[in-house]
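Spelled out from the first residue to the last, the chains are:
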Amino acid sequence: LVREWRMRARVAKRHEMASQKLASGNYPGFQAAELLYRQILAERDDPEARAERARVLAQMAFEFGDSPQLAERAMASIGEEAAVPCADKKPGCRDVAEARVYLAMARGELDRASRLAQALRRKFPDAAASYLVGRAELLLERPDNATDALRTAADGDPHNPLVLHGLGLAEAAARRDDRA
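Residues numbered from 1 in each chain as written. Predicted model: local features only at pLDDT ≥ 70, side-chain atom pairs only at ≥ 80, totals over all residues. Heavy atoms only, no water.

A.B. asks: What's the story with the overall build of the protein in this structure? I'm lost.
C.D. replies: Regarding its fold elements, the protein presents 9 helices and 0 strands. Of the regular secondary structure in the protein, the N- to C-terminal order runs α-α-α-α-α-α-α-α-α. Judged by the C-alpha coordinates and their principal axes, the protein covers about 60 × 30 × 30 Å. Here the protein holds 180 residues, and 44% of them are scored as buried. The contacts of the protein with a sequence gap of at least 6 include a subset with a gap of at least 24, amounting to 53%. Of the accessible surface of the protein, which amounts to about 9,500 Å², a share of 50% is contributed by carbon and sulfur atoms. Placing the 29 positive and 28 negative side-chain charges of the protein at their respective mean positions leaves the two points 5 Å apart. (Helix = DSSP H or I, 4+ residues; strand = E, 2+ residues; numbered from the N terminus. Buried < 20%, exposed > 50% of the residue type's maximum accessible area, 1.4 Å probe, protein only. Contact = heavy atoms within 4.5 Å. Areas by Shrake-Rupley, 256 points an atom, 1.4 Å probe, with all protein chains shown as cover. Lys, Arg positive; Asp, Glu negative; His and termini not counted. Charge placed at Lys NZ, Arg CZ, Asp CG, Glu CD.)

And the structure:
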């Protein structure tokens, strides 16, 4: 009983530390977060940590150019091909849906990424989903739609460096260098 309590405390602490590392928005922070999720999974099989690790790996593949193979394996281990994002309300289903979008963008499947991002934003109308819609629109060379979605994301999460960078890219693509 005491051992289980201590393990839960360690897992909760690692989840918290991983969130802090991800907030940095830089590659070393993402690497540290992925390591923390791996440590959680080494201690016990935690579905939420598996989903978060898959999202982090897919995001690293898209944002920083890492190979998508690790993300693909992580997604395969949790059943990547669910039809509707978060239809079953399992822990981490939102992270899985986000990972699908990041992985589709990393693979160059832009139409699929856009469809998945739009579905995610309908389900969760927040900054993270708007960011994914904006990045997908930017890759599809629709800078005005991308700017609108990324501005919504920046309004919802004004301190996220990845969102602000994406907004700058969209403004530059729309030839509004004064706002970029």
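Next comes the rest of the write-up.
A.B. asks: Can you walk me through the nonpolar core in this structure?
C.D. replies: One recurring pattern in soluble globular proteins is that nonpolar side chains are buried together. If you look at the biggest cluster of nonpolar residues, it comprises 47 residues, and the most contacted ones within it are Y37, Y102, M105, Y131 and L132. Apart from residues lying up to four places away in sequence, L132 is in contact with E98, V101, Y102, M105, A117 and L120. (Core = buried A, V, L, I, M, F, W, Y, C linked by side-chain atoms within 4.5 Å.)

A.B. asks: Looking at this model, I keep getting lost on unusual backbone geometry. Mind explaining?
C.D. replies: Peptide bonds are trans in most cases, and residues, glycine excluded, mostly fall at negative phi. Despite not being glycine, E141 shows a phi value in the positive range, around 60°. Mapped onto the secondary structure, E141 falls in the loop between α7 (127–139) and α8 (143–156). You will see that R175, though not glycine, has its phi angle at about 65°, which is positive. Here R175 shows up in the segment after α9 (161–173). By relative accessible area, R175 is classed as exposed at 72%.

A.B. asks: How should I be thinking about the packing of aromatic side chains in this particular structure?
C.D. replies: A ring pair, where both rings are aromatic, is described by two values, the distance of the centres and the angle of the planes. Applying the stated criterion to the full structure yields 3 aromatic pairs. Ring geometry for F30 against F64: centres 5.3 Å apart, planes inclined by 65°, an arrangement best described as edge-to-face. Taken together, the positions of F30 in helix α2 (residues 27–43) and F64 in helix α3 (residues 47–64) put the pair 34 residues apart, joining distant regions of the chain. Using a relative accessible area of 2% as the deciding quantity, one classes F30 as buried. With a centroid separation of 6.2 Å and 40° between ring planes, the pair formed by F62 and Y102 is classed as tilted. On the criterion of sequence distance, the pair formed by F62 in helix α3 and Y102 in helix α5 (residues 93–107) is long-range, its members being 40 residues apart. (Phe/Tyr/Trp six-rings, centres within 6.5 Å; stacked < 30°, edge-to-face > 60°.)

A.B. asks: Would you explain the side chain of Q59 in this entry?
C.D. replies: Relative to the elements of secondary structure, Q59 occurs in helix α3. On the basis of relative accessible area, Q59 is assigned to the buried category, the value being 7%. Beyond its immediate chain neighbours, meaning those up to four positions away, Q59 contacts F30, F64, Y102 and L162.

A.B. asks: Can you help me understand the environment of V101 in this one?
C.D. replies: Along the chain, V101 turns up in helix α5. A relative accessible area of 0% means that V101 is categorised as buried. For the pair V101 and L132, spaced 31 residues apart in sequence, the C-alpha to C-alpha distance is 7.2 Å. Residues contacting V101, with those up to four places away along its chain left out, are A113, L116, A117 and L132.

A.B. asks: Even after reading the chapter, I still don't get the layout of surface pockets, so can you show me in this structure?
C.D. replies: Where empty space is left becomes clear once a probe the size of a water molecule has been rolled over the atoms. Reported here for the largest pocket is a volume of approximately 480 Å³. Lining the largest pocket are 24 residues, and of these L22, R55, Q59, D157 and N160 sit closest to its centre. Contributing elements (two or more residues each) for the lining of the largest pocket: α1 (2–23), α2, α3, α5, α7 and α9. Among the residues forming the lining of the largest pocket, the class breakdown is 12 nonpolar, 7 polar and 5 charged. (1 Å grid on protein atoms, 1.4 Å probe; cavity = no way out; pocket = protein on both sides within 12 Å on 5 of 7 lines; lining within 4 Å. Points joined across faces, edges and corners; volume = space filled by probe spheres on them. Nonpolar A, V, L, I, M, F, W, Y, C, P; charged D, E, K, R; others polar.)

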